[in-house]
Amino acid sequence: MIIAVSEILSKDSGPGNSIFIAVGIRTIIFTVLVYIIMKMYRGRNWARIALAILLGGIGTLSLIIDPVKWILEGNSLDKALAGMTFYSILFGLSRIVHLASVIVAFILMFRPAANHYFRAVA
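Residues numbered from 1 in each chain as written. Predicted model: local features only at pLDDT ≥ 70, side-chain atom pairs only at ≥ 80, totals over all residues. Heavy atoms only, no water.

Peer 1: I would appreciate a short explanation of the packing of helix H2 (residues 18-41) against helix H3 (residues 45-72) in the present structure.
Peer 2: A packed helix pair is summarised by two numbers, namely the angle formed by the two axes and the spacing between the axes. Closest axis-to-axis distance for the H2/H3 pair is 8 Å, and the angle between their directions is 140 degrees. When the interaxial angle is binned, H2 and H3 end up oblique. Taken as a pair, H2 and H3 cross one another with a handedness that is left-handed. Side by side, H2 and H3 meet where Leu 33, Tyr 35, Ile 36, Ile 37, Lys 39 and Met 40 of the first sit next to Trp 46, Ala 47, Arg 48, Ala 50, Leu 51, Leu 54 and Leu 55 of the second. Residues belonging to the contact of H2 with H3 are distributed by class as follows: 11 nonpolar, no polar and 2 charged. (Axes fitted to C-alpha atoms, helices over the stretch in contact; angles between N-to-C directions. Helix = DSSP H or I, 4+ residues; strand = E, 2+ residues; numbered from the N terminus. Parallel < 35°, antiparallel > 145°, perpendicular 65-115°, else oblique. Left-handed = near helix turned anticlockwise from the far one by under 90°. Contact = heavy atoms within 4.5 Å. Nonpolar A, V, L, I, M, F, W, Y, C, P; charged D, E, K, R; others polar.)

Peer 1: In this structure, what is going on with the packing of aromatic side chains? I would like to understand it.
Peer 2: Tallied over the entire structure, the rule returns 3 aromatic pairs. Aromatic side chains Phe 86 and Tyr 87 sit 5.4 Å apart centroid to centroid with 75 degrees between the ring planes, which places their arrangement in the edge-to-face category. Ring geometry for Tyr 117 versus Phe 118: centroids 5.3 Å apart, planes at 80 degrees, classification edge-to-face. On the basis of relative accessibility, which here comes to 37%, the residue Tyr 117 falls in the partly exposed class. A relative accessible area of 7% places Phe 118 in the buried class. (Phe/Tyr/Trp six-rings, centres within 6.5 Å; stacked < 30°, edge-to-face > 60°. Buried < 20%, exposed > 50% of the residue type's maximum accessible area, 1.4 Å probe, protein only.)

Peer 1: Explanation requested: helix H5 (residues 86-109) in the structure shown.
Peer 2: Because an α-helix packs 3.6 residues into every turn, residues spaced three or four apart end up facing the same way. In this model, H5 (24 residues) spans 34 Å end to end at C-alpha, consistent with the 34 Å of a helix rising 1.5 Å per residue. Listed in full, the buried residues belonging to H5 are Tyr 87, Val 102 and Met 109. (Expected span 1.5 Å × (residues − 1).)

Peer 1: What is the right way to look at the packing of H3 against H5 in this model?
Peer 2: In contact at an axis separation of 10 Å, H3 and H5 are set at 155 degrees when each is read in the N-to-C sense. By the angle between their directions, the pair H3 and H5 is classed as roughly antiparallel. Along this stretch, H3 crosses H5, giving a crossing that reads as left-handed. Residues Arg 48, Leu 51, Ala 52, Leu 55, Gly 56, Thr 60, Ser 62, Leu 63, Ile 64, Asp 66 and Pro 67 of H3 lie in contact with H5, whose contacting residues are Arg 95, His 98, Leu 99, Val 102, Phe 106 and Met 109. Here the contact of H3 with H5 is built from residues that sort into 10 nonpolar, 4 polar and 3 charged.

Peer 1: I tried to follow the environment of Ala 113 on my own but got confused; where do I start?
Peer 2: Position of Ala 113 relative to the elements: it lies in helix H6 (residues 112-121). Separated by 15 residues in the primary sequence, Ala 113 and His 98 have C-alpha atoms spaced 24 Å apart.

Peer 1: Is there a simple way to explain the nonpolar core in this structure?
Peer 2: Side chains of nonpolar character tend, in soluble globular proteins, to be buried together. Formed by Leu 33, Ile 36, Met 40, Ala 47, Ala 50, Leu 51, Ala 52, Met 109 and Phe 118, the largest nonpolar core amounts to 9 residues. Among the secondary structure elements, those contributing two or more residues to this core are H2 and H3. No other element matches the 4 residues that H3 contributes to this core. Setting aside its immediate chain neighbours within four residues, Ile 36 contacts Trp 46, Ala 47, Ala 50, Leu 51 and Leu 54. (Core = buried A, V, L, I, M, F, W, Y, C linked by side-chain atoms within 4.5 Å.)

Function-wise, these values are silent; they only describe arrangement.
Below you can see the structure in the form of C-alpha cells.
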C-alpha cells in the first residue's frame, strides 16, 4: 500500500479521491486480518482456517492474477524488463516477498507442531 500511495503521490496529476478509497479499503482489510491473526495466536482454530482461506487462497490469487493475465495477453518477460521503472521493481519485489511469505505461513500453520498447539488450546 505504501508503494502504491508513493507512486500516485509522485505523479504530477495529484492523488484525487481514488487514493483515499483504496487506502480506506486496504486499511479495513488489514484491520480484519490483524484481528484474525491475533485470534489465531491465541489458539483459535477457526482463525487458522479463515487465514488459510483468506490469505492462502484469495490472497495468493490476488497476487498472481495480474501477472497471469498480463502473460495471457501475449506479453513477454523481455517486454516487462524493458519497461521497468523504480515503482514496478518495488511492486515486483514486494509481490515476490509477499507470495513467498504467504506460502511459508500457510505451510507452517498446518505442521504437526501447529496442530498440537491448536488442539492443546481447545
